[in-house]
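Observations on the three-dimensional arrangement
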Amino acid sequence: MRLTHAQEAMAAAIEDQWLAAAVTTGSADHQAAEEGVRVAYRATGARPPGRIYWFGSPRAGAAAVALLSGAPEPGPDAPSWFRDVHAGLIAQGWEPGSTAGPSLRRRVRTEPWAAARKAAAETLGTDGWAQLSAAAGRRSWALVMDLIAGRLRLRLGEDLAAAGVPRTPVLDAVYGQHDGTWLSTFEAADRLVPEAGLMNGLTGLAQVARHCGWWWANEHAAVLTERPLLLERDNVGRLHRGEGAAMEFPDGYGLWAWRGMPIPTDLVAELPTLTVDRIRTEQNAEIRRVMLEHYGYDRYLRDAGARRMGSDETGTLWWLDLPGDEPLVMVEVVNSTPEPDGTSRVYWLRVPPRTGSAREGVAWTFGLTAEEYRPVVQT
């Protein structure tokens, strides 16, 4: 099967809807999500969970699953948030010592996905399935799974380990709203060939994904979590915020990030008052780069006493040594087109340390050599 332009547009529109669901913030719809869980269990032949517990973030949800799986209860020295999870379970009817049973993630999520994919490939053909996957899932996978869910999963594992909570539940999580990255392709396939029933085994998963955040499916109980209250990203979709958590949940858990890179919470408090000496003494090269971006490369070059390596008609080359990292080498260029008020804006281009001239640096940004860079008109 070969998709027409109209069919590709339809698939892209479905992906847009799932993208919107993936970045939706605010309270989950508990009733709709719980019904979706029951449908998802029944679709596999499993008995719906006897209990469904709700928590305010994936961290709390993972900790709850750990306790429901037999992890030791938090002692007086445990983090307060972990003690709150323990108290939250009891408040929702949990009897300490009782367990949720084994994880059903494979049965509820992995196997239905595999069955639907096999059926879709047989129905649409290998080429048709590949074309549909590109039209209905390529953008959302990069924007959601790579830039949001993947970052959250990494930080979640680190935070649980730091609190002494088993990290196994992270592997058993069902991604809720973030599962739209692959559900969109199956919904588009179902729209193309409704008689094939390609969404039959995925209806419950889709309903949960539309109405809540990450969740866990176990034999006797399910744990569901709220969506974030706040989600801040930069212009290319990376988690980014300089004044607090880029992703923040109702129970206070958050993920701090700068240009997509998760950063320690104590660094966030430092950003407004950074100094040259503080940046220079930072041992972690990645964190130092976050500091440099926030402080401003041009400001740092000036305040740290960068060396002027030379100027030509393209701009000025600056060089500054960074302990434990490659040198900071940048070209200062002036926009050839004046602003509406008549001023000319200055830009700073970071270039490789081996750059020997401003022309070479500017040429490098275009993928050219200094000799090849001969612009006729600049705008």
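Above this text sits the structure in question.
Let us look at the structure shown here. Every chain is numbered independently, its residues counted from 1 as its sequence is written. Only residues with pLDDT of at least 70 get local features here, since the model is predicted, and only at 80 or more are side-chain atom pairs given and counted; chain-wide, interface and lining totals rely on the full set of residues. The basis for every side-chain value is the complete set of non-hydrogen atoms in the structure, without hydrogens or water.

A word on unusual backbone geometry. Residue Arg-259 is not a glycine yet carries a positive backbone phi of 50 degrees. Here Arg-259 lies in the loop between strand 7 (257-258) and strand 8 (261-262). Burial here depends on accessible area, computed with a 1.4 Å probe over protein chains only, as a share of the maximum for the residue type. Under 20% is buried, over 50% is exposed, and the range in between is partly exposed. Overall, Arg-259 belongs to the partly exposed group, its relative accessible area being 33%. Helix and strand definitions here come from DSSP, where helices need a minimum of 4 consecutive H or I residues and strands a minimum of 2 consecutive E residues; each element is numbered from the N-terminal end.

Strands are labelled as partners when DSSP assigns at least two bridges between them. Strand order in this open sheet of 3 strands is 1-3-2, and the pairing throughout is mixed. At either end of the open sheet lies a strand with only one pairing partner, and these are strand 1 (51-55) and strand 2 (215-217). Sheet twist, expressed as the mean angle between neighbouring strand axes with direction ignored, is 15 degrees. Two elements, strand 1 and strand 3 (residues 221-225), share 5 bridges in a ladder whose sense is parallel. When the bridges of strand 3 are listed, Arg-51 appears paired with Ala-221. Helix axes are fitted to C-alpha atoms over the stretch in contact, other axes to C-alpha atoms as well, and angles between N-to-C directions run from 0 to 180 degrees.

This next bit is on the side chain of Arg-359. Among the secondary structure elements, Arg-359 is positioned in helix 13 (residues 358-365). Not counting residues within four places of it along the chain, the set of residues in contact with Arg-359 comprises Asp-312, Glu-313, Thr-314, Ala-370, Tyr-373 and Arg-374. Working rule for contacts: check all heavy atoms of both residues, and any pair within 4.5 Å makes them a contact.

Next up on the list: the nonpolar core. To form a nonpolar core, buried Ala, Val, Leu, Ile, Met, Phe, Trp, Tyr and Cys residues must be joined to one another through side-chain atoms within 4.5 Å. Membership of the largest hydrophobic core comes to 43 residues, with the highest contact counts inside it found for Tyr-41, Leu-132, Trp-215 and Leu-224. Sorting the residues of this core by element identifies helix 1 (5-22), helix 2 (30-43), strand 1, helix 5 (105-162), helix 7 (180-192), helix 8 (203-211), strand 2 and strand 3 as the ones contributing at least two each. The greatest single-element share of this core, amounting to 8 residues, is contributed by helix 5. Aside from chain neighbours lying at most four places away, what touches Leu-224 is Ala-33, Glu-34, Val-37, Ile-52, Tyr-53, Trp-54, Phe-55, Cys-212, Trp-214 and Trp-215.

This part takes up the packing of aromatic side chains. The aromatic pairing rule takes the rings of Phe, Tyr and Trp, using the six-membered ring of Trp, and pairs them if the centres are within 6.5 Å, calling planes under 30 degrees apart stacked, those over 60 edge-to-face and the rest tilted. This model, assessed by the stated rule, comprises 7 aromatic pairs. Ring centres of Trp-81 and Phe-82 lie 5.8 Å apart, and the angle between their planes is 40 degrees; this geometry places the pair in the tilted category. Between Tyr-295 and Tyr-300, the aromatic rings sit 6.0 Å apart at their centres with planes inclined by 85 degrees, giving edge-to-face as the arrangement. For Tyr-300, a relative accessible area of 2% corresponds to the buried category.

The antiparallel open sheet is built from 3 strands, whose spatial order is 4-5-6. Looking at which strands have only one partner, the edges of the open sheet turn out to be strand 4 (230-231) and strand 6 (254-255). In this structure, strand 4 lies alongside strand 5 (residues 247-248), joined through 2 bridges in antiparallel fashion. In the strand pairing of strand 5, Leu-231 is matched with Met-247.

Take Glu-15: it is sitting in helix 1. Excluding residues within four positions of it along the chain, Glu-15 makes contact with Ala-135, Ala-136, Gly-137, Arg-138, Arg-139, Ser-140 and Ser-184.

The next thing to look at is the pattern of salt bridges. Think of a salt bridge as a Lys or Arg side-chain nitrogen and an Asp or Glu carboxyl oxygen that are within 4 Å of each other. Applying the stated rule across the entire model yields 21 salt bridges. With a closest N to O distance of 2.8 Å, Glu-15 and Arg-139 form a salt bridge. Placement of Glu-15 in helix 1 and of Arg-139 in helix 5 is noted, with a sequence separation of 124 residues between them. Relative accessible area serves as the criterion here: at 0%, Glu-15 is assigned to the buried category. Its relative accessible area of 38% is what places Arg-139 among the partly exposed residues. With a closest N to O distance of 3.0 Å, Arg-139 and Asp-16 form a salt bridge.

Of all the 11 residues making up helix 3 (residues 58-68), 11 are buried; the element is thus mostly covered by neighbouring parts of the structure. Residues of helix 3 that are buried: Pro-58, Arg-59, Ala-60, Gly-61, Ala-62, Ala-63, Ala-64, Val-65, Ala-66, Leu-67 and Leu-68. Gly-70 occupies a position one or two residues after helix 3 and carries a positive phi of about 105 degrees.

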